[in-house]
Amino acid sequence: MPVYEYKDLLLNIIEQDSEYFGYFEAAKEHKLVVKKCLDCDLLRGEPGAACPWCSSMRSEWHEVSGKGTIYSYQIIAHSVLPGFRDWVPYAIVLVELDEQSGQPSPADGLRITANLLDQNMTPEKEEEVAIGKRVEVAFLDMEDGLTLPQFRLS
């Protein structure tokens, strides 16, 4: 797959940004995890150092179902990354996971971003992508042990 060309880049990101280490470690086991605040108990899609809801620095990784709804998406028609040029057009989806939907307010929810792939682990057809469609996590196992959480229509 074209993504393999970026294996070294992705591994470098993991080493440089330790906030994501637990995310990728869980992905190797085909588990999707997000950060859970140990003070307010809310989940967050971006692992960052502090909870965006209460500013607590205390958190732990928490496994989620990986099921959700497409909240928004973008079709990439021109990739600046050479490894993805063969994929265009492809969809990047913002998924609101079922856990914590609408919390802490109706405008907020537990949302994460990934590519939308089909059952063959290739980019989903553009005409199949729509806000409100149900998705579930799928794991793209790459060379050298790196696994990327992605989404598929369910």
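Structure's up top.
If you're wondering where the values come from, they're calculated on a predicted model, not measured in any experiment.

**Q** Residue-level account of the pattern of salt bridges, with values.
**A** Overall, the coordinates contain six salt bridges when judged by the stated rule. K28 serves as the salt-bridge partner of E25, at 3.1 Å between the closest nitrogen and oxygen. Of this pair, E25 and K28 both sit in helix α2 (residues 21-28), three residues apart, roughly one helical turn. For E25, a relative accessible area of 32% translates into the label partly exposed. Here K28 falls in the partly exposed class, since its relative accessible area comes to 45%.

**Q** Tell me about the sheet that holds strand β2 (residues 43-44), and please be specific about residues and values.
**A** With antiparallel pairing, the three strands of this open sheet are ordered in space as β2-β1-β3. Looking at strand neighbours, the two that pair on one side only are β2 and β3 (59-64), the edges of this open sheet. The pairing of strand β1 (residues 32-37) with β3 spans six bridges and is classified as antiparallel. Paired with K36 across the bridge in β3 is E60. Where α2 meets the sheet, it contacts β1 and β3, and its direction lies at approximately 145° from that of β1.

Conventions and cut-offs
- Residues numbered from 1 in each chain as written.
- Predicted model: local features only at pLDDT ≥ 70, side-chain atom pairs only at ≥ 80, totals over all residues.
- Heavy atoms only, no water.
- Salt bridge = Lys/Arg side-chain N within 4 Å of Asp/Glu carboxyl O.
- Helix = DSSP H or I, 4+ residues; strand = E, 2+ residues; numbered from the N terminus.
- Buried < 20%, exposed > 50% of the residue type's maximum accessible area, 1.4 Å probe, protein only.
- Pairing = 2+ DSSP bridges.
- Contact = heavy atoms within 4.5 Å.
- Axes fitted to C-alpha atoms, helices over the stretch in contact; angles between N-to-C directions.

Purely geometric stuff here, so don't read any function into it on its own.
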